[in-house]
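Each chain, written out:
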Amino acid sequence: MATASVAFKSREDHRKQLELEEARKAGLAPAEVDEDGKEINPHIPQYMSSAPWYLNAERPSLKHQRKWKSDPNYTKSWYDRGAKIFQAEKYRKGACENCGAMTHDAKSCMERPRKKGAKWTSMHIAPDEKIETFELDYDGKRDRWNGYDASTYARVIERYEARDEARRKYLKEQQLKKLEEKNCKNDGEGGEVEKRVRTTGGGSTGTVRNLRIREDTAKYLLNLDVNSAYYDPKTRSMREDPLPDSDPNEKFYGGDNQYRQSGQALEFKQLNIHAWEAFDKGQDVHMQAAPSQAELLFRNYKVIKEKLKTKTKDTIMEKYGNAATEEDIPMELLLGQSERQVEYDRAGRIIKGMETSLPKSKYEEDVFINNHTTVWGSWWKDHQWGYKCCKQTIRNSYCTGAAGIEAAEAATDLMKSNIARKASEDAPAPPAEEKKHVTWGTDVPEDLVLDEKRLTEALKKEDERRREEKDERKRKYNVRWNDEVTAEEMEAYRMKRVHHDDPMKDFLN
């Protein structure tokens, strides 16, 4: 049932209006009339005011349909986290056996389990926690931020501000460092900086250092000879010099090995070699895993080596003297001459004597064991590796030389001959002519013909003889024996004979 929506100035007016409506329903108060003096029927729904109820709280609303009175027992406070109320000096009966607090038991104790609890040691008794109980309203029970201290978020803000400040400081230092390096390079290498103006679109693209522009000739086009230096298209590298015969003062590119054998590349190569050798000798150093440690160890090694070299030199000079201070060093030693023979042509190019040496790895190479003259894996036969010197496929075996090769070949030939002989012996023999034997083992004549009538009579006699053998009472007193056996009687005996290995012998007759 809907009633007219009326705006009340206070809760007291609302209460009075409700009491008046109850009295009118009971007939104790006059009926309500409208502006025209007509009586208002409370059972007929009246219209709400023109303004929606949810737009303004001062206008007519449905607030009277809700429970707007709040319970004074409800609280909005929260637990005092970490608060302690009492600190005991000895264990009390009923307290936690682990820490000694009275506010919880040993099962609910949040302290680390002690080796001996406070119940037995009565030492380091934990203080009692502050226990509080709150009665929250409907909203308070479902407020996920209830009890949250907003001041704690200031720590998060301080941490982020400190990180941003450190980042800005680091970026500023990096910019200053790059600027200083750029100024140093401009002072020391001013001649190498140039403007790159030969671009596709024209104009300048800024300063560049030692970079090849696209209009320059590529390294693989410097020498189109097939037998010239090899160019690797995957890594874009050409290790050897593509133009070894040209004037070194005129060419600008001499191969990638020119950069590998000079400058910091040579130092880095020596650093790697030192790390390998130190690791082989038991040092826990790895160039890729700990490069700073490897570089520091290499620096210390060079310092110690230089000190030891100086000490050895001083010791020798003290013992034998220094002849270099008395006489001038010969010109041959000053020019660094040696006994190594190198041939040059008229233009000064090396012809012979400075061949490219093959690099050696850190693994052992050309190590011959057990009297072998070749390494394992130098010979391959029948999907097996072996030694080329003795053609053995058993690793770490003793070398037998040429005698072993001859013995192995002889054994192979003998094995092949044995296989051929075995194959000839296992060949099936030609089928022999099938002959039909009679019962007593003699050959059956080709013209032998059995009489069917005599054969039937012989079968009957054989059955009677077998029945007499089974029952001794049917045997006659006077027995006549005939030693003459015909072919039909032997055929009947063979047909009636029982084969003990026949699985169907029990089903005959």
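Residues numbered from 1 in each chain as written. Predicted model: local features only at pLDDT ≥ 70, side-chain atom pairs only at ≥ 80, totals over all residues. Heavy atoms only, no water.

Turning next to the pattern of salt bridges. By the definition in use, this model includes 13 salt bridges. Put simply, Glu 97 and Lys 119 hold a salt bridge, and the shortest N to O gap is 3.6 Å. With a gap of 22 residues between them, Glu 97 in the loop between strand S1 (84-86) and helix H2 (118-121) and Lys 119 in helix H2 connect regions that are remote in the sequence. The class for Glu 97 is partly exposed, based on a relative accessible area of 33%. In this structure, Asp 164 engages Arg 163 in a salt bridge whose closest nitrogen and oxygen atoms are separated by 3.9 Å. Residue Asp 164 is classed as partly exposed on the basis of its relative accessible area of 29%. (Salt bridge = Lys/Arg side-chain N within 4 Å of Asp/Glu carboxyl O. Helix = DSSP H or I, 4+ residues; strand = E, 2+ residues; numbered from the N terminus. Buried < 20%, exposed > 50% of the residue type's maximum accessible area, 1.4 Å probe, protein only.)

If you look at the biggest cluster of nonpolar residues, it comprises seven residues: Leu 271, Ala 275, Ala 278, Val 285, Met 287, Ala 294 and Phe 298. Sorting elements by how many residues they give to this core places helix H6 (residues 264-280) first, with three residues. Non-local contacts of Leu 271, meaning those with residues more than four positions away in its chain, are made with Met 287, Ala 294, Glu 295 and Phe 298. (Core = buried A, V, L, I, M, F, W, Y, C linked by side-chain atoms within 4.5 Å. Contact = heavy atoms within 4.5 Å.)

Okay, unusual backbone geometry next. Negative phi characterises most residues that are not glycine, and trans characterises most peptide bonds. Unusually for a residue other than glycine, Asn 371 sits at a positive phi of about 65°. Relative to the helices and strands, Asn 371 is located in the loop between strand S6 (350-352) and strand S7 (379-381). A positive phi angle is found at Asn 396, which is not glycine, with a value near 60°. Along the polypeptide, Asn 396 turns up in the loop between strand S8 (384-386) and helix H9 (401-425).

Here we come to the side chain of His 372. Checked against the element boundaries, His 372 lands in the loop between S6 and S7. Relative accessible area serves as the criterion here: at 5%, His 372 is assigned to the buried category. If near-sequence neighbours (up to four positions away) are discounted, His 372 is found in contact with Tyr 387, Cys 389, Cys 390, Ser 397, Tyr 398 and Cys 399.

Another point: a nonpolar patch on the surface. Nonpolar side chains collect at one region of the surface, where Trp 145, Tyr 148, Tyr 153 and Ile 157 lie side by side and expose about 450 Å² of accessible area between them. Inspection of the secondary structure assignment puts Tyr 153 in helix H4 (residues 153-188). (Patch = residues over 30% accessible without salt bridge, like charges linked within 9 Å, V, L, I, M, F, W, Y side chains within 5 Å. Areas by Shrake-Rupley, 256 points an atom, 1.4 Å probe, with all protein chains shown as cover.)

So, about the side chain of Ser 237. Note on placement: Ser 237 falls in the loop between strand S4 (207-208) and helix H5 (257-260). A residue is classified by how much of its surface remains accessible, and Ser 237, at 11% relative accessible area, is buried. For Ser 237, the side chain forms a polar contact with the side chain of Thr 235, separated by 2.8 Å. Not counting residues up to four positions away in its chain, the partners in contact with Ser 237 are Lys 219, Tyr 230, Tyr 231, Asp 232 and Asp 256. (Polar contact = N/O pair within 3.5 Å; in protein donor to acceptor, adjacent residues only side chain to side chain.)

So, about helix H11 (residues 487-496). Regarding H11, the residues found buried are Glu 488, Met 490, Glu 491 and Ala 492. Turning to H11, the residues buried within the fold contact helix H10 (452-470).

What follows deals with the confidence of the model for the protein. Taken residue by residue, the protein gives an average pLDDT of 77. The fraction at 70 or more is 70%. Scored below 50 in pLDDT, residues 1-8 makes 17 contacts in the model with residues more than four places away or belonging to other chains. In this model residues 191-210 is a low-confidence stretch, pLDDT under 50, and it forms 28 contacts with partners more than four residues away in sequence or in other chains. (pLDDT = per-residue confidence, 0-100.)

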